[in-house]
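Analysis of the macromolecular model
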Amino acid sequence: MPATGKPLDRVDGRLKVTGAARYTAEWDVPGLVYGAVVDSSIAHGTVQAIDVAAARNAPGVLAVLTHENAPRLQPLPDKVGETQFRGEGGITETRQPLQSAAIEYAGQPLAVVVADTYERARHAATLVRVTYAGQAPQLAMATASRKTLPETFLGNNKEKLQVTVGNPEAALAAAPVRLEAVYESAITHHNPLELLATIARWEKRDGADFLTLYDTTRALEVLQEVMATSLALPKESVHVICPFIGGAFGAKGWLYAPPLLTAMAARVVGRPVKIEWRRQDMFAVAGQRAATRQTLTLGATRDGRITALRHDTLTHSSQSSGFTEPCARVSRMLYAVPNMSFAHQLAHLHLPSPCPMRGPGETVGGWALECAIDELAAKLNLDPVELRLRNYAEKNPETGKPWSSKHLRECYARGRQLIGWDARNPQPRSMREGTQLIGYGMATTMYPAGRREAKARATLFADGRALVQSATHELGNGAYTVFRQISADALALPVERVRFELGDSSLPSAPTTGGSTTTATVGPAAQAAAQAVLEALKSLAGRDPASPLHGAAPEAIEAREGRLVLKSSPATGEEYGAILRRTKLPSLVATDGAKPGEEREKYSFYSFGAVFAQVRVDEASGTLRVARLCGVYDVGRLMNPKTAHSQIIGGMAMGLGATLMEATHYDARTGRAVVRNLADYHVPSMADTPDMQVEWLGIPDPHISELGARGIGEIGCVGTAAAITNAVFHATGRRLRSLPLTPDKLVNS
Amino acid sequence: MHPFQYQRAESAEQAVAAVAPNPAATFIAGGTSHVDLMKEDVHRPALLVDVSALPLREISAFEGGLRIGAGVSNTAAAYHADVQRRYPAVSEALLAGASMQIRNMATMAGNPLQRTRCPYFRDPTQACNKRQPGSGCAAIGGYNHVHALFGASAACIATHPSDLAVALSALDARVQTLGPRGPRTIAFPELHRLPGDTPHLDTVLAHGELITSIDLLAFTGRSHYLKVRERASYAYALVSCAVALEMSGGKLQRVRVALGGVAHKPWRLPAVEAMLAEQPPSEKLFRAAAQAAFADARPLKHNAYKVPMGRDLLVRALLETSGLRPLQGPAGTAFAASVGGVAGQLAAPR
C-alpha cells in the first residue's frame, strides 16, 4: 500500500500545536541582542537630519544605525536564477536599506536601534528624531507621472505582459454583442500569523566572515545569494536556516530589507541580532497585492461564442520595484477565443513595494474575467455554465499547445450538482428569505501547474530508518508530511521509518516555494534520491559474498517493503539495515535531482476547477454572508487528501476574505497605511466561513512527472471571488465591480 | 513602549490615592485595549496601578436592579442569568463585541473606557488632538470611513467603539465612582463627552477617579441591541443601535434609543424618544422616527453609507424590540444582535 494518496495526519502537527516547532524568532542564540526599526512617517522626500543622541544614550543601547553610518551594501543582482530582479517587470524592490537619505514610501526603514533587550530597543527607537524635507507623494494610479509598460513578468519570455493574438480590434468591431466593464480591486496584505523575523550571527571561519541567518524565508537559496551579493561575501559564506514558516501566502520571499538590516546591525555590534517586526510594520515592508483597475472588453456572437477579448490592467508598484500584478494570466488561457489582447500598465507610486500574493494575477485578474463572463451570460440570456461550455478551450488559445490533462467539464458538472444550480430560479433578484436576498454564482478557476528543478539527498541507516533532505520549505502547507510520504514510497519503507528534512540552505538545492510548484518539483527529486540510494545498496548487496543477493545484477534486484529481493524470487533477499550492518556501514547516502524535460514545451500545464457560491444579502444593512461554497478541482493526483483539503479550503477562505472584507487604505495625503492591525484590518473569522465542500477528480497528470501530482497551494484562492460576486448579482440584480464587497457598497442608498 | 512602573492596588481607596496625584499614572484592569495602545506608543503611562485584584467582581441585586462590579469580566456579565433575562441588550452588546478571549479579560468598567478605533489615533506619526492636544486631526481630511455623523467638532471626528456603552446609555445605567473627592454617581449618558475642543478627554471622570460599579436600574420592559459590522464576528460596529422600551395597552410607553458608531459617545435620540412615546408601534411610525433621527447627520467624505444603514437599523431595532418583527436569534445572545448572522446558515432562524 503506497503512503501517497493516504490522508496522513500532519507529521509536524503535534510539534506545532504544542509550541515545540521552532519558528525563526524562537531560536535561542547565545549573546543575542535586539533591533528595533524607526520608519518614515512621510512617503516622499529626504531625511534632512536624524538625531540619534537620545536613543544612543538610552539604557542598554548598543548602536543606532542610520543611512549616515550603516555599512555599505552592494546593489542587488539583476537576476537570481531565472528571475528578473531589477527593472520593469522585475520582482523586487532594488532599493537597499539605509544607503541614502531618500524616502520613497511611508514606513520605509530609516534607522535600527540595537539594545540588550527588546523592550529597551523599542523604547530607544521612539527617541530617534527625524527631520524631513518632504515632497508631495504620488499616491494615485490615475495621475502618476511615471507609468510604464513592462514587457514580461519577472523576465520570463513565455509570460509577456503586452500581447496580441489575432485581430481583437477588428473582431470587436464586427461582434454583434459587445461588453465593456471596469473592475477595481483594493490593496490587500498577506498578514501571515507569523511576523517577519531575522536573527543574524557573524563569525570567523578559517579567518573569513561567515554569516548565519535564521530568517522567515520561503526562498532559502535566493536569500543566500542576495545576502552574499549585498554583503560582498562568497555564497558559501552565508548559511540560511528556516525549518518552519508560520504562513507566507506570497510574502517572505522577495523583499530583503528585513534580513539585510539585521545582518548590518549584527556586524556593527559584533553580536547576534534579532529583529522581529511588528504587525503594523507588515503593512510597509512585507509586500502586498497591489490595487488594480481592469478593463474587460468582450465581443461575442448572439449564440455565445466569444470572438474577442481585451483585458487591460492598470496597477502600481513602488519607486524602485517593477513588480507587476499579471492580471491577464487567466484571460490568456481559459477560453477558446481567437482574438485577444492583454496590456499591463504600471504606475510607480510612493507606496511600499508589492509582491506576489496567493494567486498573483489569477486571484484578482481571474475575478475580473469571470465577472465579465457572467455579465456576458446575462446579456446573452445564457446560463453562466453553458456560456463557459460553449467557449471551452480544447487547447491553449494563446500558444496552441495541447493541455497536459484537462477535465474541466467534469468539474462544472459536479459543481452544479453539489450546489443545486439547476434548482435555483436563474432570474436575478428572484430568491428571497425573510429580509434577505439569496443568490447563486459560479466561476471557473485555474492555476498553472509549474515544475522546476530540485535536488535531494537520501540516507539509509543501519537501523533500517531513512532520511531524505532537500532545501525546500514548510510554510504550513504540509511539505514535511507529503515529502515523507513520497520518500517512503520511493524507498519502499513505511512512513514511520522515514524522516524528511528541509529549511536549510546547506541541504541539496531546491527552488523558492511559490507558484504552487513545490510538490511537483521536490517530489520527483526525493524519488530520484531514493532511487539512487537504493541502487547503491543493490550494488553493495550484489558485491557482498555474505548476502543472499550476492552476484545478482542491480537490474535483477528490487526494493520491496524495506527489503532488497530478487525480482525472480522475491523470497530471496534481506532488509536494508542487514546489508549495512554486515558491511559495517553506519549509513549509505546518495544525492540526485530531477527536472522537467521537453514535455514542458509540448504541453500546456494547468490545473482547473469550478467554484459555486450561494450567498445571502441583507441590502438594508449592506451585509453579505456566504451560505455555501463548493469547489470541484482537477489538480492531478493528490499526495495527501487531508492536507490537500486543508490547503484548498484555506485558499477558498482567503479568496472569501479578499471578496468580502480585505482592503488596505493608504492615506491619500501622506501615503501611510491607515489601518495597521488585525482588529481593524479584517480577515475572515470562523463566522464568515461556511462549510466548504471540496471535491477533486483525482485524475493523475500523465505528463507532469511520474507522480502525476500538481501543486495546489493557490488554486483554492482563485475563482472564489468571482463566484461570490456573481452570486451577489444573482441575489440583488446589482453588478458590484469593486473589491471588497463591504457593507458601505452593498447598503441601499 | 515607554518604561513604566507597576503596582497592584489592595483597595479602591489605595488605587485612587496612587493615581490621583500622578498625572502620568493610570489604572489598568483587563488591559485588552490599554496594553495595545502602550505597545503602539499611544499610551505612555509612567505608572500602572493594577485594579484587577480589587473586590469589585460581584453581580448583586440592588434597588430592584443589578449592581455589576467594575471588575466583572465581560464574559461573566454577558452570561449572568439576570442580565441575560432582564437586560438582554447588555448581553447582546457584550457578546456581539470582541472575541471570547478578549471578553474573558475585559472588564465592565474598562469596556466603556476603551479608546476610539480612529486609525489616526493609533499612529503616533499622525496628527491627532485626542492623542496629542493641539496637533490637529488627520482624520478630517483623511480616510474617515468609521467616523462620526453627529456631534463632531473641528478638533475631532472620532467615534466611541464600545458596544456595551450603547446599551448602558439606552438603559440609563448609573456609574458609581470613587474619586479623590470621594464617591459619586454619574448617569451613564453623561459619562462620555463630545469632543468639542478637548477631544483628549473621553469622559467626565476626573484623573484618578475609579469606576466601582455599573448599576442597572429596575426595569421590566424590553431591551435589544443590533449591530452591523464588516465581518460576522470580532469587528467593531459600523453602526449599532440599542433600544429599551416599555409597552402598555398596545402602546409604547417610554422608549429610549441610543446609536453606536456614529458619535464620540453613545448617541441618545431624545427627540425620537419623545416622538415614539405613547404611540402604537408601527413600521410607519418607526420609519418616520428614523428619518427624524438622521435629519441632522453630518456625513464626511467616506462615511455617508452610515446614514441609510443607520436609519434601517433603527427601524429594525424598534420593530424587533416592540415585537412587530421576531428577533433573528435568541434574546441575550450574539445571534440576536448580529445583523446578517453567521456564514453557513441560509437564513436566520425564525
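Residues numbered from 1 in each chain as written. Chains lettered and ligands numbered in written order. Predicted model: local features only at pLDDT ≥ 70, side-chain atom pairs only at ≥ 80, totals over all residues. Heavy atoms only, no water.

Quick word on the nonpolar core
With 87 residues, the main nonpolar core has L376, V615, L624, L629 and I724 of chain A as its most contacted residues. At 9 residues, the largest contribution of residues to this core is made by helix 8 (residues 362-380) of chain A. (Core = buried A, V, L, I, M, F, W, Y, C linked by side-chain atoms within 4.5 Å. Buried < 20%, exposed > 50% of the residue type's maximum accessible area, 1.4 Å probe, protein only. Helix = DSSP H or I, 4+ residues; strand = E, 2+ residues; numbered from the N terminus.)

Remarks on unusual backbone geometry
Residue and element names in this part refer to chain A. In this chain, L739 is followed by P740 through a cis amide linkage whose omega measures -5°. Looking at where P740 falls in the secondary structure, it is placed in the loop between helix 16 (720-732) and helix 17 (743-746). The backbone of N191 sits at a positive phi, close to 45°, despite the residue not being glycine. Along the chain, N191 falls in the loop between strand 13 (177-185) and strand 14 (197-205). Although it is not a glycine, D206 sits at a positive phi angle of roughly 55°.

Some thoughts on the sheet that holds strand 32 (residues 692-696) of chain A
Residues and elements named next belong to chain A. Taking strand neighbours across the sheet as the criterion, the 5 strands line up as 21-22-30-31-32 in an open arrangement whose pairing is mixed. Sheet topology places strand 21 (432-433) and strand 32 at the edges, where each strand pairs with a single neighbour. Two strands pair when backbone bridges link them, and strand 31 (residues 623-634) and strand 32 are joined in this way by 5 bridges, in the parallel orientation. When the bridges of strand 32 are listed, L629 appears paired with M692. (Pairing = 2+ DSSP bridges.)

Concerning the packing of helix 11 (residues 479-491) of chain A against helix 12 (residues 518-543) of chain A
All names here are of chain A. In the contact formed by helix 11 and helix 12, the axes pass within 8 Å of each other and the chain directions differ by 30°. Looking at the two axes, helix 11 sits roughly parallel to helix 12. In terms of crossing hand, the pair formed by helix 11 and helix 12 is right-handed. Of the residues in helix 12, those in contact with V482, F483, I486, S487, A490 and L491 of helix 11 are T518, T519, V522, G523, A526, Q527, A530, V533 and L534. Partitioned by chemical class, the residues of the contact of helix 11 with helix 12 number 10 nonpolar, 5 polar and no charged. (Axes fitted to C-alpha atoms, helices over the stretch in contact; angles between N-to-C directions. Parallel < 35°, antiparallel > 145°, perpendicular 65-115°, else oblique. Left-handed = near helix turned anticlockwise from the far one by under 90°. Contact = heavy atoms within 4.5 Å. Nonpolar A, V, L, I, M, F, W, Y, C, P; charged D, E, K, R; others polar.)

Examining the packing of aromatic side chains
Residue and element names in this part refer to chain A. According to the stated counting rule, one finds 16 aromatic pairs over all chains in the structure shown. A centroid spacing of 5.4 Å and a plane angle of 80° characterise the contact between W421 and F612, whose relative ring orientation is edge-to-face. Note that W421 is positioned in the loop between helix 10 (408-419) and strand 21 and F612 in strand 30 (residues 606-618), a separation of 191 residues in sequence. Residues W421 and F612 agree in their burial class; the two are buried. Ring centres 6.3 Å apart and planes at 50° place the aromatic pair Y606 and F608 in the tilted group. Accessibility classification places Y606 together with F608 in one group, the buried group. The rings of Y23, F244 and Y480 are connected pair by pair, giving a single aromatic cluster. Here the guanidinium or amino end of R735 rests over the ring plane of F729, the centre of that ring lying 3.4 Å away. (Phe/Tyr/Trp six-rings, centres within 6.5 Å; stacked < 30°, edge-to-face > 60°. Lys NZ or Arg CZ within 6 Å of the ring centre and 35° of its normal.)

Some details on the environment of V522 of chain A
All names here are of chain A. Of note, V522 is situated in helix 12. Judged by relative accessible area, V522 falls into the buried class, the value being 1%. When the C-alpha atoms of V522 and F483 are compared, they prove to be 7.8 Å apart, with 39 residues separating the residues in sequence. Setting aside residues no more than four positions away along its own chain, V522 makes contact with A454, S470, T472, F483, F500 and A510.

Honestly, it's all geometry; don't read function into it.
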